Amino acid sequence: MSGSPPGGVTYERGAFGRAASDRYYRLLQERVVWKQERIAIFGRDVAMPRLTAWYGDEGASYTYSGLRNDPSPWTPELAELRDAVAARLGHRFNSVLLNRYRTGRDGVSWHSDDEPELGDEPVIASLSFGATRRFLLRDRSTHERAASLELEHGSLLVMRGRSQRVFQHCVPKDPRATGERINLTFRTILPGR
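Given the structure is predicted, the values throughout are model-derived calculations rather than measurements. (Residues numbered from 1 in each chain as written. Predicted model: local features only at pLDDT ≥ 70, side-chain atom pairs only at ≥ 80, totals over all residues. Heavy atoms only, no water.)

Engineer: Which residues make up the nonpolar core, and what values go with them?
Structural biologist: Counting 28 residues, the largest nonpolar core has L28, L81, L98, L127, F129, L184 and F186 as the members making the most contacts within it. For this core, the elements supplying multiple residues, two or more each, are α1 (18-31), β4 (51-56), α2 (76-89), β7 (95-101), β9 (124-130), β12 (155-159) and β14 (181-187). Examining the composition of this core, we find that five residues originate from one element, α2, more than from any other. Not counting the four nearest positions on each side in its chain, L184 is found in contact with L28, L78, L81, V96, L97, L98, A125, S126, L127 and F129. (Core = buried A, V, L, I, M, F, W, Y, C linked by side-chain atoms within 4.5 Å. Buried < 20%, exposed > 50% of the residue type's maximum accessible area, 1.4 Å probe, protein only. Helix = DSSP H or I, 4+ residues; strand = E, 2+ residues; numbered from the N terminus. Contact = heavy atoms within 4.5 Å.)

Engineer: Please give an account of the pairing of β12 that cites residues and values.
Structural biologist: Within β12, five of the five residues are buried, which leaves it mostly tucked inside the rest of the structure. Here β12 shows two buried faces, one formed by S155, L157 and M159 and the other by L156 and V158. Where strand β1 (residues 9-12) lies against β12, four bridges are found, and the strand directions are antiparallel. Bridging across to β12, Y11 finds its partner in L157. By the bridge criterion, five bridges tie β9 to β12 in an arrangement that is antiparallel. In the strand pairing of β12, S126 is matched with L157. (Pairing = 2+ DSSP bridges.)

Engineer: Can you explain the side chain of D113? Please cite residues and give values.
Structural biologist: By secondary structure assignment, the location of D113 is in the loop between β8 (108-111) and β9. A relative accessible area of 5% places D113 in the buried class. Within the local environment of D113, its side chain forms a polar contact with the side chain of H111, the two groups lying 3.4 Å apart. Those residues in contact with D113, other than ones at most four positions away along the chain, are Y62, L118, P122, I124, M159, Q164, H169 and R187. (Polar contact = N/O pair within 3.5 Å; in protein donor to acceptor, adjacent residues only side chain to side chain.)

Taken by themselves, the reported measurements are silent on function.
Rendered as structure tokens:
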């Protein structure tokens, strides 16, 4: 099913205007320290199919896919984006995971952001800059498709409430996709979890 997202998930096209989106896209390409992590899949060591970076408050460490991420300090542009998204949502974020999809060969497979340090009902604010990419949601138990959205330049997708317990999401690889996309997922890491 295409169209509007299900409960606990909202999508806003043009949350950031074109000029601001172009500026942030360029700054993120140039100033973020990107890396390509390696992960184990079915016992094999493989390169993650995207570049990543983790920034945040001191102590906002995060573990996913067996990788522990200790935050780099906020850059001025990441702090600006964090504050703008926080003001828009009325929620404070202390960290951000950045993903850089270089081509349609990059993607992220089905998963939920349900790690203990995010809490039971996390608010995940996903901001996209660059090329439009498809974002899919499915029911965790039945794998029935819940939504298919085109995440556009300057758009904001928010997942909150029980959404991480009910749904999985992915950005599938797409050989037809052209152009690069940078995605920021703002999170709140709960210490001691």
